[in-house]
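What follows is the residue order along each chain.
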Amino acid sequence: MNARDIEQLLKSVQSGRLPVAQALDRLRHMPFEDLGFAKIDHHRHLRQGFAEVIYAPGKTPANIAGIVRGMLRPGSAANILITRADARAYGAVRRVSRGAQFHPLSRAITIRRSKKLSLKGLILVITAGTSDIPVGEEAAVTAEIMGNRVETLFDVGVAGIHRLLAYQEKLAAARVIICVAGMEGALPSVVAGLVGVPVIAVPTSAGYGTSFGGITALLGMLNSCASNVSVVNIDNGFGAGCVASTINRL
């Protein structure tokens, strides 16, 4: 439930269109619902602007489907996002909601109950290489399901910087930029030097031996000389998309 849902509920009670008992039933699971194996934070949307996100690893398909079923209770129209999921999890979720969509590249499952773009600014997701696209897609799917207008720009890394410079108008149009890179992680510094908006750098685990699974890119980004760069964890496209959405909401 978001603030608008609760406002409409209270107005319905005030006008007499909705009995108090029915209103209480809709609010019964606020602020959280205990399923035994999970506690659904139904208050999250009201508090933070987006519903609780389901992290799939470590959960059985039945666990995931049970949480989704609880989140789909009447009285809420919030979009639902499941990250790092697989085909088995998607099959279980589809049995609960026929509106579920699987994004194989980013391994995300979305249930879009509202298609309205509630936030005005553009979030641009950039990847250095094709190998970084899955993480970039996770960021893009996350930002989109949270109500943002999102565009992507893939494979424009520093090995061929002219590819990036060909899109300067697109860079200038963005309110927030998510920059995803593996190897030495140099691209966010270059991008940040071209724009005056927040650049969220995402190191990926793409690279050869001394990339150390993304640690080299992470350290490079943390040591960026561009002052408008902030950094999330290795391969954390979800975190970048969520932070970008929060910035865009301001």
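The model shown is predicted, which means the values in this text are computed figures rather than measured ones.

### Notes on the pattern of salt bridges
Consideration 1: Enumeration over the complete set of coordinates arrives at four salt bridges.
Consideration 2: Between Arg 84 and Glu 138 there is a salt bridge, with its nearest N and O atoms 2.8 Å apart. Placement of Arg 84 in the loop between strand S4 (80–83) and helix H5 (87–96) and of Glu 138 in helix H6 (residues 133–145) is noted, with a sequence separation of 54 residues between them.
Consideration 3: Residue classification places Arg 84 among the partly exposed positions, given a relative accessible area of 23%.

### What about unusual backbone geometry?
Consideration 1: Phi is positive for Arg 107, close to 60°, though the residue is something other than glycine.
Consideration 2: With respect to the secondary-structure elements, Arg 107 resides in the loop between strand S5 (100–103) and strand S6 (108–111).
Consideration 3: Residue Met 183 is not a glycine yet carries a positive backbone phi of 50°.
Consideration 4: You can see Met 183 is positioned in the loop between strand S9 (176–181) and helix H9 (187–192).

### Comments concerning the sheet that holds strand S10 (residues 199–203)
Consideration 1: Strand order across the open sheet formed by five strands is S8-S7-S9-S10-S11, with parallel pairing between neighbours. At either end of the open sheet lies a strand with only one pairing partner, and these are strand S8 (149–153) and strand S11 (229–231). Going across the sheet, the axis of each strand differs from the next one's by a mean of 25°, ignoring polarity.
Consideration 2: Taken together, the three bridges between S10 and S11 define a ladder with parallel strand orientation. Paired with Val 199 across the bridge in S11 is Val 229.
Consideration 3: Sheet strands touched by H6: strand S7 (122–127), S8, S9 and S10. Its angle to S7, the strand with the most contacts, is close to 170°.

### With respect to the environment of Val 199
Consideration 1: Looking at the element boundaries, Val 199 is found in strand S10.
Consideration 2: Taking relative accessible area as the criterion, Val 199 reaches 0% and is therefore assigned buried.
Consideration 3: Distance in space between the C-alpha atoms of Val 199 and Pro 188 is 7.0 Å, their sequence separation being eleven residues.
Consideration 4: If near-sequence neighbours (up to four positions away) are discounted, Val 199 is found in contact with Ile 177, Cys 179, Pro 188, Val 191, Ala 192, Asn 228, Val 229 and Ser 230.

### Here's the deal with the pairing of S6
Consideration 1: The alternating pattern of S6 places Ala 108 and Thr 110 and Ile 109 and Ile 111 on opposite faces, both of which are buried.
Consideration 2: Across four bridges, S5 lies against S6 in antiparallel orientation. Bridge assignment links Phe 102 to a residue of S6, and that residue is Ile 109.
Consideration 3: Adjacent in sequence and paired antiparallel, S5 and S6 are bridged by four residues, among which Arg 107 carries a positive phi angle near 60°.

### Side note on the sheet that holds S5
Consideration 1: Taking strand neighbours across the sheet as the criterion, the four strands line up as S3-S4-S6-S5 in an open arrangement whose pairing is mixed. A strand with exactly one partner marks an edge of an open sheet, and here the two such strands are strand S3 (54–55) and S5.
Consideration 2: For S3 and S4, the ladder comprises two bridges, and the chain directions are parallel. Bridge pairing in S4 places Tyr 55 opposite Thr 83.
Consideration 3: Sheet strands in contact with H5 are S4, S5 and S6, and its direction is about 170° off that of S5.

### As for a nonpolar patch on the surface
Consideration 1: Among the surface-exposed residues, Phe 212, Ile 215, Leu 219 and Leu 222 lie close enough to one another that they form a single nonpolar patch of about 420 Å² accessible area.
Consideration 2: As for its placement among the helices and strands, Phe 212 is situated in the loop between S10 and helix H10 (215–222).

### Details of the packing of H6 against helix H11 (residues 237–249)
Consideration 1: Between H6 and H11, the least distance of the axes is 7 Å, while the angle of their chain directions is 35°. Considering the relative orientation of H6 and H11, their crossing is right-handed. Listed contacts from H11 to Val 135, Glu 138, Ala 139, Thr 142 and Ala 143 of H6 are Gly 237, Phe 238, Gly 241 and Cys 242.
Consideration 2: Residues of the contact of H6 with H11, tallied by class, amount to five nonpolar, three polar and one charged.

Conventions adopted
Residues numbered from 1 in each chain as written. Predicted model: local features only at pLDDT ≥ 70, side-chain atom pairs only at ≥ 80, totals over all residues. Heavy atoms only, no water. Salt bridge = Lys/Arg side-chain N within 4 Å of Asp/Glu carboxyl O. Helix = DSSP H or I, 4+ residues; strand = E, 2+ residues; numbered from the N terminus. Buried < 20%, exposed > 50% of the residue type's maximum accessible area, 1.4 Å probe, protein only. Pairing = 2+ DSSP bridges. Axes fitted to C-alpha atoms, helices over the stretch in contact; angles between N-to-C directions. Contact = heavy atoms within 4.5 Å. Patch = residues over 30% accessible without salt bridge, like charges linked within 9 Å, V, L, I, M, F, W, Y side chains within 5 Å. Areas by Shrake-Rupley, 256 points an atom, 1.4 Å probe, with all protein chains shown as cover. Left-handed = near helix turned anticlockwise from the far one by under 90°. Nonpolar A, V, L, I, M, F, W, Y, C, P; charged D, E, K, R; others polar.

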